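Geometric and topological summary
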Amino acid sequence: MIAEEVAAELLLVLSIIIIVAKVLEELISYYGYPPVLGDILAGIILGPSVLGLLTPEIIDYLDAIKWIGIISLLFLAGLETKFTQFMSSIKSSLLVAAGGIIGSFILGYFAGIFAGLNSNQSIFLGTILTATSVGLTVKTLTDVGALGTRYFTVILGAAVLDDVGGLIVFGLAIAMVTTGFTRIEELALTAIIAISFYIITLFLLHKSSRVIWGLLKHISHLEDSIIAFLLGLTLIIAWASVKFNLSLVVGAYLVGLAFSEVRGVENVIRRFSLIPDIFASIFFVLSAASIDIKPYIIHVEYLGFIGIVLIVAFAGKILGCGLTAKLSKFDWKGSLFIGIGMLPRAEVALVVSALGKGYGVVTDSMIAATIFVIYVTSIVTPLVLTSLLKRMRIK
């Protein structure tokens, strides 16, 4: 009975999250802004920063539901990308990912030195700024109907490669802080294993996708059974991705991509889209609610440092990703669009900062700056992307 009462309380909280998020999405959309901003606003209001309804304990209880939301969103994004389009853009994605990682790390490191941090602290600041959280960009482009465009494909491909690159940079930062040097062969082995998992899994699934699809069509009398199977497979690959030091969303995107060109997948896209429409909102609400900004607002002495970090957080991705996109023969507007699309930071930045604090190299001011980077990039990215899309002929 106690468990049932706890479940009832969680269901009540979940209903509040969904209703408040959708009401604010409608309000935001009415004034011409991307609906995902309504989810972020709902998280700020319901979280510890304002009302405190969503406590850390409640957020932990709802964690699995949150991840189902973003996993389903990235699976759908993979279905709408098309495998051949992804492969044709892989060179551009590699350049964009490398530019964003290198640009963000170098600018973050020198910004730390300029602000008076020591070398180890500056290394961690650069590391915090390297990781892109592409879920917000995917949600924004979904809202405006831009899935499947060339820009979107390059951004998603870069985000996948960014995940591997961020893993290497993080390993480098930990090694430098703990031992003063790093074993290149260990970092290389970690990267090779992660990349090999992604490539092998993607191509195996893609090569067998038509056989699997045909078998499912043969044995299933209900179309929903096919959708359920694909979602189950997506969750398995997402779990395996974490075991190979990659993000959950990398695995989810991989499965969608592998099945993106089977005949009849359009029906799956149409019927499956309802799941991320609801549950992805929960992800963004809980993500925004997981950060309490109040303790850091009162520290006026942090503001100058926060301003510096915000500038380099924007410059690292816009310049690093944008200029490499230009090298890939995008025009200037398209290059800026890709750079903005790679701006968001989220969970990975918080994890890196928390681990760095455990090692004694990340200060409270660095954590405050990380929180502001997450909030500001989450708010600015949808606004600017939507504005740019209105001025561009996307294809």
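Residues numbered from 1 in each chain as written. Predicted model: local features only at pLDDT ≥ 70, side-chain atom pairs only at ≥ 80, totals over all residues. Heavy atoms only, no water.

1. Quick word on the overall build of the protein chain
Applied cut-off: A run of H or I in DSSP counts as a helix once it spans at least four residues, and a run of E counts as a strand once it spans at least two, with each numbered from the N terminus. With C-alpha atoms as the basis for the radius of gyration, the globule rule is written as 2.2 Å multiplied by the number of residues raised to the power 0.38. Exposure classes here rest on a 1.4 Å probe applied to the protein chains alone. A residue is buried below 20% of its type maximum, exposed above 50%, and partly exposed in between. Note on areas: Shrake-Rupley, 1.4 Å probe, and residue coverage restricted to the protein chains presented here. Just so you know, the count uses Lys and Arg for positive and Asp and Glu for negative, and it drops His and the chain ends. The location of each charge is read from NZ of Lys, CZ of Arg, CG of Asp or CD of Glu.
Each helix and strand counted, the protein chain has 19 helices and zero strands in total. In terms of overall size, the protein chain behaves like a compact globule, its C-alpha atoms giving a radius of gyration of 21 Å where 395 residues would be expected to give roughly 21 Å. The 395 residues of the protein chain split such that 52% are buried. For the protein chain, the exposed surface amounts to about 17,500 Å²; the carbon and sulfur share of it is 70%. Here the protein chain contributes 25 positive and 25 negative side-chain charges, whose respective centroids are spaced 15 Å apart.

2. What to know about the packing of helix α16 (residues 303-327) against helix α17 (residues 332-341)
Heads up, the condition is: Whenever a helix is involved, its axis is fitted only over the stretch in contact; in every case the axis is a line through C-alpha atoms, and angles between N-to-C directions fall within 0 to 180 degrees. Note that the term roughly parallel is reserved for angles under 35 degrees, roughly antiparallel for angles over 145, roughly perpendicular for angles of 65 to 115, and oblique for everything else. By the definition used in this description, the sense in which the near helix is turned from the far one sets the handedness, with an anticlockwise turn below a right angle giving left-handed and a clockwise turn giving right-handed. In this analysis, two residues are considered to be in contact whenever any of their non-hydrogen atoms come within 4.5 Å of each other. Ten residue types, Ala, Val, Leu, Ile, Met, Phe, Trp, Tyr, Cys and Pro, are classed as nonpolar, four, Asp, Glu, Lys and Arg, as charged, and the remainder, Gly among them, as polar.
Axis separation between α16 and α17 bottoms out at 7 Å; the angle between their running directions is 140 degrees. Here α16 lies oblique to α17, going by the angle between them. When the axes of α16 and α17 are compared, the crossing they make is right-handed. Packed against α16, whose contacting residues are K317, I318, C321, G322, L323, A325 and K326, the element α17 presents W332, S335, L336, I338, G339 and I340 at the interface. Taken together, the residues of the contact of α16 with α17 break down into eight nonpolar, three polar and two charged.

3. With respect to the pattern of salt bridges
To be explicit about the condition: Whenever a carboxyl oxygen of Asp or Glu lies within 4 Å of a side-chain nitrogen of Lys or Arg, that contact is scored as a salt bridge.
Applying the stated criterion across every chain yields a total of five salt bridges. The partner of D162 in a salt bridge is K317, with the nearest N and O atoms 3.2 Å apart. Here D162, found in helix α9 (residues 150-178), pairs with K317, found in helix α16; they are 155 residues apart in sequence, far enough to count as distant. Here the two residues D162 and K317 agree in accessibility, since each one is buried. D292 is the salt-bridge partner of K294, the closest N and O atoms lying 3.5 Å from each other.

4. Some words on helix α18 (residues 347-358)
Quick note on the threshold: Under the convention used throughout, the expected extent of a helix is 1.5 Å for every residue step, that is, one less than its residue count. Think of it as the arc spanned by the lines of direction from the helix axis to the C-beta atoms.
Taking 1.5 Å per residue as the helical rise, α18 with its 12 residues ought to reach 16 Å, and the 17 Å between its terminal C-alpha atoms agrees with that figure. Regarding α18, the residues found buried are A349, V352, S353 and G356. Angularly, the buried residues of α18 cover 95 degrees about the axis, an arc narrow enough to put them on a single face. Following α18 by one or two positions, G360 has its phi on the positive side, about 80 degrees.

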